[in-house]
Amino acid sequence: MMFENGINDTEENENNFNWPKRRRRNIFSTLDSESESVENDAENTNCNITWISENFMPQIHIFSTRNSGIKKKLPRSSSILDYFELFFSEELVQYIADETNNYRAQKSNDSRRTLLFFALSLLMTRNKKLTIQEYWLKDKYLRSNIFAEIMTKDRYLSLLSTIHFTHDSGHTDDRLVKIRDVVNMFRKSFNDAFHPFQDLCIDESLMLYKGRLSFRQYIPSKRNRFGIKSFMLCDCKTGCVQDVIVYCGRSTTIESAARGIGKSGAIVLSLLRPFLGNGHTIYLNNFYSSPGLFNLLHNNSINACGTVSKRRQGMPKFEKHLKKGEVCFGSSNSLLAMKWLDKKEVYKLQLCIRQILQPCLDVEDYRVLLSLYVLLIT
């Protein structure tokens, strides 16, 4: 039907129709979450510290390396598989095999086949092809005989489609419920297999993942940029992972009874719980560091060092204007706070180095301070 102005009624209805808007998926950015966490922690951290500009003499906690290293004594003739089984235990493999059988409602899978399945999956990361089916090609130019010798293609694809890590536990708010038991087993095996040396560090790790996931993170400074973020406690000397917390957004559960240190401080205490009182030295960045957390670590016989945000509650106010390369400091009973000016201001907290220089240092004095610091931690 045509109106006087020449507009068709069907065209008018189409123009007035409210088409549904496409829902945009939000990807969390760690940079935004870090800045928000620093401000929130500054409000939640209660620490009244008196800062003075005098020589600083720290109380360094002593660490014994007697028990450091691999806990299980392996002979010199041990193979790579023996070390692999320290972390990927037979108990874990059997658990995955049982859960897969329960999900498939049949007993056709055992621990040996499950272990072979993971072995082929790890081998695929070193011998990359375009599709999974190409690993079983019979073409003499493209074939890889080892895959067909270990497992048939149909069996591998069947296990890949039915591999299961937990039983159906019903409705829960835990976003890692499908792999929670396996993650806890890995965390236990990390701690049971290796005892760390003195120096530890906590930082974020991003595992590449581009699929659909509600807590997928975007970190532009990382190589992968998109993936699953984890907080890892690692041994500085060997690089061994001691513990890990998978970040699931605001629903991430952190086991810590301490209050007044914020969420980032609770992450540190949760990861360091088995090592409190042993005299370890932990290195942190400004996402975790705060005067309240460092005092708590000092009371639990842990040395700490790291950069810190000047917005943290309890930080001293350095009102002196510095020139490039100069350093000023303030100390308390157990803490040393430093401010260094390069291209921008850098703030640092530490428990394990003494300050015997002047309150305001030039570039040469700061190099001496760094050399003293290296001597103390090595």
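Because the structure is a prediction, the values reported are computed rather than measured. (Residues numbered from 1 in each chain as written. Predicted model: local features only at pLDDT ≥ 70, side-chain atom pairs only at ≥ 80, totals over all residues. Heavy atoms only, no water.)

Caption draft 1: Looking closely at helix H8 (residues 180-193). Taking 1.5 Å of rise per residue, 14 residues should cover 20 Å, and H8 covers 20 Å from first to last C-alpha, within 8% of that figure. Tucked inside the fold, the buried residues of H8 contact strand E2 (69-70), helix H3 (80-87), helix H4 (90-104), strand E3 (194-195) and strand E7 (241-246). (Helix = DSSP H or I, 4+ residues; strand = E, 2+ residues; numbered from the N terminus. Expected span 1.5 Å × (residues − 1). Contact = heavy atoms within 4.5 Å.)

Caption draft 2: Inspection of the packing of H4 against helix H7 (residues 153-162) at higher detail. Running from N to C, H4 and H7 cross one another at 85°; their axes reach a closest spacing of 10 Å. With respect to their mutual orientation, H4 and H7 come out roughly perpendicular. Between H4 and H7, the residues in contact are Thr100, Tyr103 and Arg104 and Ser158, Leu159 and Thr162, respectively. Grouping the amino acids of the contact of H4 with H7 by side-chain chemistry returns 2 nonpolar, 3 polar and 1 charged. (Axes fitted to C-alpha atoms, helices over the stretch in contact; angles between N-to-C directions. Parallel < 35°, antiparallel > 145°, perpendicular 65-115°, else oblique. Nonpolar A, V, L, I, M, F, W, Y, C, P; charged D, E, K, R; others polar.)

Caption draft 3: Up close: the confidence of the model for the protein chain. Summing up the model confidence of the protein chain, the mean pLDDT is 80 and the portion of residues at 70 or higher is 79%. When the criterion is pLDDT under 50, residues 1-5 qualifies, and its contacts beyond four places in sequence or with other chains add up to 7 contacts. Confidence drops under pLDDT 50 across residues 372-378; counting only partners more than four residues distant or on other chains, this segment forms 11 contacts. (pLDDT = per-residue confidence, 0-100.)

Caption draft 4: Representation of the layout of surface pockets in the model. Of the pockets and cavities examined, the largest pocket occupies roughly 1,000 Å³. The wall of the largest pocket is formed by 25 residues, among which Ile179, Val182, Val183, Phe186 and Met207 lie closest to the centre. Of all the secondary-structure elements, those providing two or more residues to the lining of the largest pocket are H3, helix H5 (111-126), H8, strand E4 (199-208), strand E6 (226-235) and E7. Partitioning the lining of the largest pocket into residue classes produces 22 nonpolar, 3 polar and no charged. (1 Å grid on protein atoms, 1.4 Å probe; cavity = no way out; pocket = protein on both sides within 12 Å on 5 of 7 lines; lining within 4 Å. Points joined across faces, edges and corners; volume = space filled by probe spheres on them.)

Caption draft 5: Here's a closer look at the pattern of salt bridges. Using the criterion set out here, one finds 5 salt bridges in the structure. In this structure, Lys310 and Glu345 form a salt bridge, with 3.9 Å as the shortest nitrogen-oxygen distance. One end of the pair, Lys310, is in the loop between strand E9 (303-307) and strand E10 (327-331); the other, Glu345, is in strand E12 (residues 345-350), and 35 residues separate them in sequence. A relative accessible area of 52% places Lys310 in the exposed class. The partner of Glu345 in a salt bridge is Lys339, with the nearest N and O atoms 3.3 Å apart. (Salt bridge = Lys/Arg side-chain N within 4 Å of Asp/Glu carboxyl O. Buried < 20%, exposed > 50% of the residue type's maximum accessible area, 1.4 Å probe, protein only.)

Caption draft 6: A look at the packing of H5 against H7. Orientation of H5 relative to H7, taken along the N-to-C sense of each, is 95°, at an axis distance of 11 Å. One element, H5, and the other, H7, form an angle in the roughly perpendicular class. Where H5 abuts H7, its residues Arg113, Phe117, Leu120, Ser121 and Met124 lie against Arg155, Tyr156, Leu159 and Leu160. A class-by-class count of the residues in the contact of H5 with H7 yields 6 nonpolar, 1 polar and 2 charged.

Caption draft 7: The arrangement of the pairing of E10 in detail. Burial analysis of E10 places 5 of its 5 residues in the buried class, the great majority of the element. The alternating pattern of E10 places Val327, Phe329 and Ser331 on one face and Cys328 and Gly330 on the opposite face, and all of these are buried. Sheet topology places E10 next to strand E11 (residues 336-341); 5 bridges connect them, and they run antiparallel. In the sheet register, Cys328 faces E11, and the bridge partner there is Lys339. Joining the antiparallel neighbours E10 and E11 is a turn of 4 residues. (Pairing = 2+ DSSP bridges.)

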